[in-house]
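# Residue-level structural notes
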Amino acid sequence: MAITHNLGFPRIGAKRELKFALEAYWKGQTKEAELQQTGAELRQLHWQQQSGLNWAPVGDFSFYDQVLDTSFTLGHLPERVSNLAGTELDNYFRVARGRAVNDSACQCVHAGEMTKWFDTNYHYIVPEFTQDTEFTLNPARLIRQLQEAKSQGVNAKPVIIGPVTYLWLGKSKDGCDRLQLLDKLLPVYQALLQQLADAGAEWVQIDEPALVTELDRNWQHAVNVAYHQLKAAPVKLLVATYFDELRDNLKLACELPVAGLHIDAVRARTEVVRVIDWLPSHKVLSLGIIDGRNIWKSDLTELLSWLEPISQKLGERLWLAPSCSLLHVPVDLTAEQNLDSEIKNWLAFAQQKIDELSTLATALNEGRASVAEKLAQNRDALAGRRASDRVHNPTVQESVAKITPALGKRASSYSKRTAKQRQQLALPRYPTTTIGSFPQTPQIRKDRLAFKQGELKLDEYQNRMRTEIEYSVREQEALGLDVLVHGEAERNDMVEYFGEQLEGYVFSQFGWVQSYGSRCVKPPILFGDITRPHTMTVEWIRYAQSLTDKPMKGMLTGPVTILNWSFVRDDQPRSETCKQLALAIRKEVLDLQAAGVNIIQIDEAALREGLPLRQSQWQEYLTWAVECFRISANGVKDETQIHTHMCYSEFNDIIDAIAHMDADVITIETSRSDMELLDVFDSFKYPNEIGPGVYDIHSPNIPSEEHIVNLMGKARERIPAERLWINPDCGLKTRQWDEVRPALQNMVSAAKSLRNSA
Ligand code: GLN
Ligand code: ZN
């Protein structure tokens, strides 16, 4: 009798109801009671949608972030909010986003730092630790939700983040060793488990995804200490790991004194046999068999053939679940009205994944015949996908097979290229440029919406976008920038724009996934071999170039970033898909060059995001990722200058890969680090040109000329002046012209005064 459960359900709502409720509340348009009401309704709906499972998660719902919820449950808030007036929810949003709803200026605080949740695109609020950190139990939210679930007849399994992962996720503010806090933390967890038991919980899922990372001995020891102390709790603990293999931590995880272990049987399928061997015979093994990180239907028949003997062996001890929380996939495929029906039949969103789980359990418990029809439908869908000529394009596969290292190599070394480029471009010292986008004004958004809804004809839409491009070109000329951009008015999003023009992509209407707080992304779905039926950017750039004598930079998104911000195929390695994207972008690069564009920027904002969880696997990823960038960029002649842009701020551990990309110019985000980020470029002796961002585009503040000169002075201490550019940290699409104009004015004046003082 296999038992089914879920680790977590998307909380944002199939139509992003939570997003809109939050934003209305933040604007002061609704009261807390209404927000709470939306929360309760969503929870109820989601529990109903999981009612086919033996256990549904409770506590996975959150108004902002589950890690921040945990900090509240543990009574661990940054000191800066501890004495402020208002309700608990006020403080919650202060830590989340810097302000509550009606905060007078003095009650605003700086928001907690955000960072990526493991290797996902979800961002959590980082707990802040000092050696004086204290914890006090604040279980009300969790207990309330447990009672709420029980009153609705839900077989409720509370979900909490485990103590070791909680410490692991946080950051020490005073250099203290976070593990020193474990002794203070465990009694609070003990009390929490006691209260959950008192409120009727039988099982508690305690998430320890830190177990799939490289833990040193101290951290491994902490895991042991923690669960030996928690074993006295009067509930059954299911320790949940996900996102990767356990490897060195496998034995440790199996031997913890708890009632059950969940592992990611999608990414760590090869470990299942070993886990079964190691797991003591009284423990439950929960196998995460449905991919919680992607949107494809599972192969139910294949899974059953694999699971049947396991189920026979384990009997009641076998639990089945998605690999991880379904937070990382969209909610409901049936909401999609416009998806191509053939491709739609290959997909499963959260709700469909829950159905798959039930079907599998029924087949295991009652025999395949009891769900014969569902299994047949699933087989048909998968067979259709496997055989579809929309997925498989022999010409593309041949081109990928023919890739040689030569394809990724420039004809000459940087020093030779740069001489030719300098002659051709004749730029002044400290050339100024921007990263690509200019403000996406309300008018631009309105025009695009009207075009998408069919209210604006293509011709008229293009005319309007050309007008916007001309506007930004005139502004840049007036500002006196050296290398201009067209401003990206025609682009909704730097990945979607390219996905929409490539064959092999489809787009959902409601496939939203939470990125942080109320922010969601709608990753495009890459389903088939990638081709570029026509040029994607050439006409726009050509038009922009026709307006000016200044050099116009062509603007593209790189293959690795397109890959990392899409839902991608699970029927071939990511590296293979990335190579196809690289060949498509390469064609665009060569067409831009043929159209007379001498500078081409290929953004790789998400290159770092694709790094595997374990550092030991980084090299493999970086090798193919950088190779793909090189394939896309390096087919050009010496005179064509390749730029790349990356907006994260951590290069220390990947600097050799960055150098191997061999872009002539790299622009990076540095303004908030006071140029210290350049240290690693300096010590690595990074040979090519760098544009360290001098203007923090996330802030509405206008940087002064003096500030920029000062920052560039620091840059010059690390990088020779002749290899420095001056530019903002990132694109300006989220800013307003009134902010952009004076900021760039100061940037250009700073460049002039640096040139004069040289
Ligand atoms: N060219 C893009 C822009 O300027 C780059 C955005 C990014 O790096 N995220 O908007
Ligand atoms: Zn950027």
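Keep in mind that this is a model prediction, so the values were computed, not measured.

## Some words on the sheet that holds strand β19 (residues 641–646)
Taken in spatial order, the five strands of this open sheet run β17-β18-β19-β20-β21, and their pairing is parallel. At either margin of the open sheet sits one strand with a lone partner, and together these are β17 (553–557) and β21 (689–692). Ignoring strand direction, the axes of neighbouring strands in this sheet form an average angle of 20 degrees. As judged from the four bridges shared by β19 and strand β20 (residues 665–668), these two strands associate in the parallel manner. Considered in β20, the bridge of His-643 is made with Val-665. Strand contacts of helix α16 (residues 414–425): β18 (599–603), β19 and β21, with the helix running at about 65 degrees to β21, the strand carrying the most contacts.

## Some points on the packing of aromatic side chains
Taken as a whole and judged by the stated rule, the model has 23 aromatic pairs. Ring centres of Phe-72 and Tyr-92 lie 5.3 Å apart, and the angle between their planes is 65 degrees; on these two criteria the pair is classed as edge-to-face. One end of the pair, Phe-72, is in helix α3 (residues 66–73); the other, Tyr-92, is in helix α4 (residues 88–97), and 20 residues separate them in sequence. The same class applies to Phe-72 as to Tyr-92, namely buried.

## Things to note about the pattern of salt bridges
Taken as a whole, this structure holds 45 salt bridges when the rule is applied. Here Arg-293 makes a salt bridge to Asp-119, at a shortest N to O gap of 2.9 Å. Taken together, the residues Arg-293 in the loop between β11 (284–290) and α11 (300–314) and Asp-119 in the loop between β3 (114–116) and β4 (123–125) connect sequence positions 174 residues apart. An identical accessibility class is assigned to Arg-293 and Asp-119; each is buried. Of the charged contacts in the structure, one is a salt bridge between Glu-470 and Arg-474, with a shortest N-O distance of 3.4 Å. Taken together, the positions of Glu-470 and Arg-474, both in helix α18 (residues 458–479) and four residues apart, correspond to about one turn of that helix. Of the residues examined, Glu-470 reaches a relative accessible area of 30% and is grouped as partly exposed. If you follow the salt bridges from partner to partner, you end up with Arg-385, Asp-529, Arg-569, Asp-570 and Asp-571 in one network.

## Notes on the side chain of Gln-501
Inspection of the secondary structure puts Gln-501 in the loop between α19 (496–499) and β13 (503–506). A distance of 3.2 Å separates the side chain of Gln-501 from the side chain of Tyr-497, its partner in a polar contact. Leave out the neighbours within four places in its chain, and Gln-501 touches Pro-533, His-534, Thr-535 and Met-536.

## Concerning unusual backbone geometry
With a phi close to 60 degrees, Asp-674 is a non-glycine residue in the positive phi region. Of note, Asp-674 is situated in the loop between β20 and α25 (678–683). Using a relative accessible area of 35% as the deciding quantity, one classes Asp-674 as partly exposed. The backbone phi angle of Lys-685 is positive, close to 60 degrees, even though this residue is not glycine.

Rules and cut-offs
- Residues numbered from 1 in each chain as written.
- Chains lettered and ligands numbered in written order.
- Predicted model: local features only at pLDDT ≥ 70, side-chain atom pairs only at ≥ 80, totals over all residues.
- Heavy atoms only, no water.
- Pairing = 2+ DSSP bridges.
- Helix = DSSP H or I, 4+ residues; strand = E, 2+ residues; numbered from the N terminus.
- Axes fitted to C-alpha atoms, helices over the stretch in contact; angles between N-to-C directions.
- Contact = heavy atoms within 4.5 Å.
- Phe/Tyr/Trp six-rings, centres within 6.5 Å; stacked < 30°, edge-to-face > 60°.
- Buried < 20%, exposed > 50% of the residue type's maximum accessible area, 1.4 Å probe, protein only.
- Salt bridge = Lys/Arg side-chain N within 4 Å of Asp/Glu carboxyl O.
- Polar contact = N/O pair within 3.5 Å; in protein donor to acceptor, adjacent residues only side chain to side chain.

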